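Residue-level structural notes
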Amino acid sequence: MTKQAVVVPVPPEAAVPAPQLFPYPPPRAAGVRRKQCLQMSGAGAPGRVGGWVESMRASSPTHARAAAALADDDGRRAAWMVQHPSALGKFEQVVAASKGKQIVVFLDYDGTLSPIVDDPDAAYMSDTMRRAVRSVAKHFPTAIVSGRCRDKVFEFVKLAELYYAGSHGMDIKGPAKAYRHTKAAKAKGVLFQPASQFLPMIEQVHESLVEKTKDIPGAKVENNKFCVSVHFRRVDEKSWSALADMVKSVLKDYPKLKLTQGRMVFEVRPTIKWDKGKALEFLLESLGFADCADVLPFYIGDDRTDEDAFKVLRKRGNGVGILVSKHPKDTSASYSLQEPAEVMEFLLRLVEWERLSKARPKW
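Here goes a summary of the coordinates provided. Computed from a predicted model, the values in this text were never measured in an experiment. (Residues numbered from 1 in each chain as written. Predicted model: local features only at pLDDT ≥ 70, side-chain atom pairs only at ≥ 80, totals over all residues. Heavy atoms only, no water.)

1. A word on the pattern of salt bridges
Applying the stated criterion across every chain yields a total of 16 salt bridges. With a closest N to O distance of 3.0 Å, K220 and D121 form a salt bridge. With K220 in strand 8 (residues 220–223) and D121 in the loop between strand 3 (102–107) and helix 5 (127–139), this pair connects stretches of sequence that are 99 residues apart. Residue K220 is classed as partly exposed on the basis of its relative accessible area of 27%. Of the residues examined, D121 reaches a relative accessible area of 35% and is grouped as partly exposed. The residue R355 makes a salt bridge to E352 at a minimum N-O spacing of 3.8 Å. A residue pair is termed a helical-turn pair when its members lie 3 or 4 positions apart in one helix, as R355 and E352 do in helix 11 (residues 340–359) at 3 residues. When its relative accessible area of 44% is taken as the criterion, R355 is described as partly exposed. A cluster of three or more residues bridged by salt bridges with shared partners is formed by D110, R148, K152 and E222. (Salt bridge = Lys/Arg side-chain N within 4 Å of Asp/Glu carboxyl O. Helix = DSSP H or I, 4+ residues; strand = E, 2+ residues; numbered from the N terminus. Buried < 20%, exposed > 50% of the residue type's maximum accessible area, 1.4 Å probe, protein only.)

Have a look at this one:
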């Protein structure tokens with residue numbers, strides 16, 4: 001693939017030095033890994049919509065069939081917890097791995113820093129959570145990695161000292177002021193948008209989906225700049241098949257776009273080999289920690305799309321993946337937390353542990 005420089009205008013309000021621009025693919029991009037996703041083909045096989053509906057049911061935490069499968073018995077959860085113990089219960093074990101290393105914190109937004117709500121526009125994080133994240137960022141380089149549009153995530157979080165990777169990592173921007181913990185000058189003002197050429201296509205699909213789904217009560221189409229999200233959390237299950245068929249009919253004319261599914265949401269994304277795992281690798285490199293043994297990335301997330309980041313940490317053999325979930329599920333994360341309240345408790349404990357570590361006399 002020919003490398004093309006990605007030139008991105010800086011918003012007028014950001015009166016900062018010119019950001020560091022990077023080619024796509026980035027210089028040290030890792031090898032391509034096959035990702036399991038629900039990808040649309042041009043024609044679509046017969047009966048495919050039925051498969052989509054079953055997948056939609058599986059993504060619904062409140063659906064009776066899903067609830068029965070998730071809450072079958074205490075033994076199943078106990079076995080799962082052995083494999084993915086609580087990051088709070090095993091806190092000392094978690095932080096012990098960071099001895100002599102720089103911790104870098106990566107956080108999903110929805111379901112991790114804020115509760116999952118019916119209206120995606122009302123997914124506000126609490127002031128106490130914001131203070132916890134701000135405290136973390138004072139001690140460790142910290143990034144928000146979300147499927148949301150980067151600007152929208154920033155409106156929710158409102159912390160300028162963080163890195164933000166929106167649209168599943170396809171829209172990355174760093175703080176104007178570089179972290180004192182970083183090893184690379186390019187970490188200051190980093191800006192990377194590997195899917196810029198898809199913007200007109202994404203806009204067309206967004207408009208088509210808004211028009212197609214307008215008669216399905218509860219359906220919400222969200223433009224996340226480099227991807228389009230179709231939320232069906234408020235849609236009656238009887239309309240799920242029709243909704244899936246509509247999304248499929250729009251995408252058949254866009255072979256360069258693919259469809260993946262998260263928690264009660266369809267995600268329309270470019271087919272480029274980029275995801276939250278790639279974003280994690282890119283940010284580590286921007287911070288000067290690529291292939292470094294003296295760094296320990298923490299990634300906390302709750303969605304299927306976060307699995308790409310968990311897999312990267314597994315492959316590195318150096319990192320802490322934490323899944324946020326009340327129910328057992330297949331994951332590449334090493335630890336678990338049940339809900340955003342536990343995420344906040346973990347972050348605050350991490351800050352306190354760092355403070356105490358610095359206060360201890362070094363003999």
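2. Examining the packing of helix 5 against helix 11
Their axes nearest at 9 Å, the elements helix 5 and helix 11 cross at an angle of 35°. You can see that helix 5 and helix 11 cross each other, and the crossing is left-handed. Side by side, helix 5 and helix 11 meet where T128, M129, A132, V133, S135, V136 and H139 of the first sit next to P340, M344, L347, L348, V351, E354, R355 and K358 of the second. Residue classes in the contact of helix 5 with helix 11 are distributed as 9 nonpolar, 3 polar and 3 charged. (Axes fitted to C-alpha atoms, helices over the stretch in contact; angles between N-to-C directions. Left-handed = near helix turned anticlockwise from the far one by under 90°. Contact = heavy atoms within 4.5 Å. Nonpolar A, V, L, I, M, F, W, Y, C, P; charged D, E, K, R; others polar.)

3. Focus on the nonpolar core
With 54 residues, the main nonpolar core has F106, L209 and L257 as its most contacted residues. The biggest single contributor to this core is helix 8 (residues 240–251), with 6 residues. Discounting chain neighbours no more than four positions away, the residues touching F106 are A143, V145, L280, L283, L284, P297, F298, Y299 and I300. Within the second largest apolar cluster, 38 residues are counted, among which are Y109, L113, Y335 and V343. (Core = buried A, V, L, I, M, F, W, Y, C linked by side-chain atoms within 4.5 Å.)

4. A few points about the packing of helix 7 (residues 199–213) against helix 8
Interaxial distance between helix 7 and helix 8 falls to 10 Å at its minimum, and their mutual angle equals 145°. Helix 7 and helix 8 meet at a crossing whose hand is right-handed. Across from V205, S208, L209, K212 and T213 in helix 7, the residues of helix 8 making contact are L243, M246, V247, S249, V250 and L251. A class-by-class count of the residues in the contact of helix 7 with helix 8 yields 7 nonpolar, 3 polar and 1 charged.

5. Details of unusual backbone geometry
Within the chain, K158 stands out as a residue other than glycine whose phi angle is a positive 60°. Within the secondary structure, K158 is located in the loop between helix 6 (150–157) and strand 5 (163–166). Classification of K158 as exposed rests on a relative accessible area of 55%. Phi is positive for M264, close to 60°, though the residue is something other than glycine. Tracing the backbone shows M264 in the loop between strand 10 (257–262) and strand 11 (265–270). Exposure remark for M264: the relative accessible area of 4% places this residue in the buried category.

6. As for the environment of R269
Positionally, R269 belongs in strand 11. The class for R269 is buried, based on a relative accessible area of 2%.

7. Some words on the state of the cysteines
What the rule picks out here adds up to 0 disulfides. Not part of a disulfide, C227 finds its nearest cysteine sulfur in C149, a span of 8.7 Å. Residue class for C227 comes out buried when judged on its relative accessible area of 0%. (Disulfide = S-S within 2.5 Å.)

8. Considering the pairing of strand 5
Here strand 5 shows two buried faces, one formed by Y163 and A165 and the other by Y164 and G166. Alignment of strand 4 (residues 142–145) against strand 5, held across 3 bridges, turns out to be parallel. Residue pairing for strand 5: A143 is matched across the bridge by Y163. For the crossover that starts at strand 4, traverses helix 6 and ends in the parallel strand 5, the hand is right-handed. One ladder, built from 3 bridges, connects strand 5 with strand 6 (residues 171–173); its direction is antiparallel. Considered in strand 6, the bridge of G166 is made with D171. In this antiparallel pair of consecutive strands, strand 5 and strand 6, the connection spans 4 residues, and S167 shows a positive phi of 50°. (Pairing = 2+ DSSP bridges. Right-handed = clockwise from strand over helix to strand, strands pointing away.)

Note that every value here comes from positions in space, so none of it alone points to a role or purpose.
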